[in-house]
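What the coordinates show
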Amino acid sequence: MSTMIKMAKLNSLQQISQTYQRSSRVQIVDFLESESAQHIYDALKSQTQWNLAWNLDGQHQDMDYTAVQNWTQKQREQLDELIYAQASDSFQYRYASVPIYDIYQQNLLPGHFFNSIYEFFNSDELLTLARQVTGFEQIDFADVQATRYSKGHFLTEHDDNVAGKNRLAAFVLNLTPKWKFDWGGGLVFPDKNDQAETWFPKFNALNIFTVPQKHAVTVVSPFATEERYALTGWFRSHQS
Ligand SMILES: O=C(O)CCC(=O)C(=O)O
Ligand SMILES: [Fe+2]
């Protein structure tokens, strides 16, 4: 079975990079060949081991998701309370993740398809495209993870800027084939006038945006019947 991930032919790189230069963000639709996008979706959907990502007083938390699901009702309610208390007035998130960058760098799953995902995002073809679209010549590598937002999952407003990480631009490749606007999970960019642009998590669309830039992922609604899968991360430089 081929595990190659292939980019689709882009219609107009010039137009894409002009949009980015003008607004510090762009969405590239039909980014991968559709078989590749479908293949990644299938791999994520069949993945059973995820981490539960959330935040405690500014510290990132990664817990074994299956273990959390096996907690008592009371324990899970206590976690909800902690998460919601912090979410109501400061930075908080809850979603499932697979640390693809770490899996590759630490050779945790030799031969696994996740390594191909890392290699694709770090291929010359993709990094060259990232430099062309953003104008950031300093991009050296892509730091990539898989994410899955289920009912009640969210990510509050933040700007992705973390000291020492040299994140130049963020990217999100949405991978759930059928999504409804009513299910939430929108990528929202608030502006100074309390208006916001919302990007629907469109299958096989790659969003790229400059760091720092305020954004959030709205909560996935209780009646969503699919989960919001994505490959997300940052185009980074080794040096600041
Ligand atoms: O999934 C998205 O649309 C955005 C994710 C994000 O902002 C992040 O992980 O920092
Ligand atoms: Fe972000």
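Scoring rules and cut-offs
Residues numbered from 1 in each chain as written. Chains lettered and ligands numbered in written order. Predicted model: local features only at pLDDT ≥ 70, side-chain atom pairs only at ≥ 80, totals over all residues. Heavy atoms only, no water. Axes fitted to C-alpha atoms, helices over the stretch in contact; angles between N-to-C directions. Helix = DSSP H or I, 4+ residues; strand = E, 2+ residues; numbered from the N terminus. Parallel < 35°, antiparallel > 145°, perpendicular 65-115°, else oblique. Left-handed = near helix turned anticlockwise from the far one by under 90°. Contact = heavy atoms within 4.5 Å. Nonpolar A, V, L, I, M, F, W, Y, C, P; charged D, E, K, R; others polar. Donors = N, O, S within 2.8 Å, 3.2 Å for Na, K, Ca; no water. Buried < 20%, exposed > 50% of the residue type's maximum accessible area, 1.4 Å probe, protein only. Salt bridge = Lys/Arg side-chain N within 4 Å of Asp/Glu carboxyl O. UniProt positions renumbered as here; feature names shortened; annotations may be inferred. Phe/Tyr/Trp six-rings, centres within 6.5 Å; stacked < 30°, edge-to-face > 60°.

Quick look at the packing of helix H2 (residues 34–46) against helix H6 (residues 113–121)
Contact pair H2 / H6: the axes reach a minimum separation of 11 Å and the direction vectors enclose 135 degrees. Judged by the inter-axis angle, H2 sits oblique to H6. When you trace H2 past H6, the crossing you get is left-handed. The residues of H6 that touch H2, namely those facing His-39, Ile-40, Ala-43 and Leu-44, are Phe-113, Phe-114 and Ile-117. Its residues placed into classes, the contact of H2 with H6 shows 6 nonpolar, 1 polar and no charged.

Things to note about the coordination of the iron ion (ligand 2)
Those donors, His-158 (NE2), Asp-160 (OD) and His-215 (NE2), are the protein atoms that reach the iron ion (ligand 2), and they lie 2.1 to 2.2 Å from it. Each donor residue of the iron ion (ligand 2) lies on the same chain, and together they follow the pattern H-x1-D-x54-H. With Asp-160 in the loop between strand S6 (154–158) and strand S7 (167–174) and His-215 in strand S11 (residues 215–217), this residue pair connects regions lying 55 residues apart in the sequence. The same class applies to Asp-160 as to His-215, namely buried.

Things to note about the pattern of salt bridges
Per the counting criterion, the structure on display carries 5 salt bridges. Residue Glu-226 pairs with Lys-45 through a salt bridge whose shortest N-O separation is 4.0 Å. You can see Glu-226 sitting in the loop between S11 and strand S12 (228–236) and its partner Lys-45 sitting in helix H2, a full 181 residues away along the chain. Glu-226 gets classed as partly exposed once you look at its relative accessible area, which sits at 26%. A salt bridge links Arg-236 to Asp-143; its shortest N-O distance comes to 2.6 Å. Of the two residues, Arg-236 sits in strand S12 while Asp-143 sits in strand S5 (residues 141–149), which places them 93 residues apart along the sequence.

Some points on the UniProt feature "domain: Fe2OG dioxygenase" (unreviewed entry) in the protein
The UniProt record annotates "domain: Fe2OG dioxygenase" (unreviewed entry) at residues 140–237. Along residues 140–237, the helical share is 0% and the strand share 48%, with 5 Å between the first and last C-alpha atoms.

Some words on the packing of aromatic side chains
Tallying each qualifying case throughout the model produces 16 aromatic pairs. Seen from their ring centres, Tyr-95 and Tyr-149 are 5.0 Å apart, and the 25 degrees between their planes marks the pair as stacked. A residue pair is termed long-range when its members are at least 10 positions apart, and Tyr-95 in strand S4 (residues 93–98) and Tyr-149 in strand S5 qualify at 54 residues. Note on Tyr-149: relative accessible area 4%, which makes it buried. With a centroid separation of 6.4 Å and 5 degrees between ring planes, the pair formed by Phe-181 and Phe-200 is classed as stacked. Taken together, the residues Phe-181 in the loop between S7 and strand S8 (187–190) and Phe-200 in the loop between strand S9 (196–199) and strand S10 (206–210) connect sequence positions 19 residues apart. Look at Phe-181 and you get exposed, because its relative accessible area is 61%.

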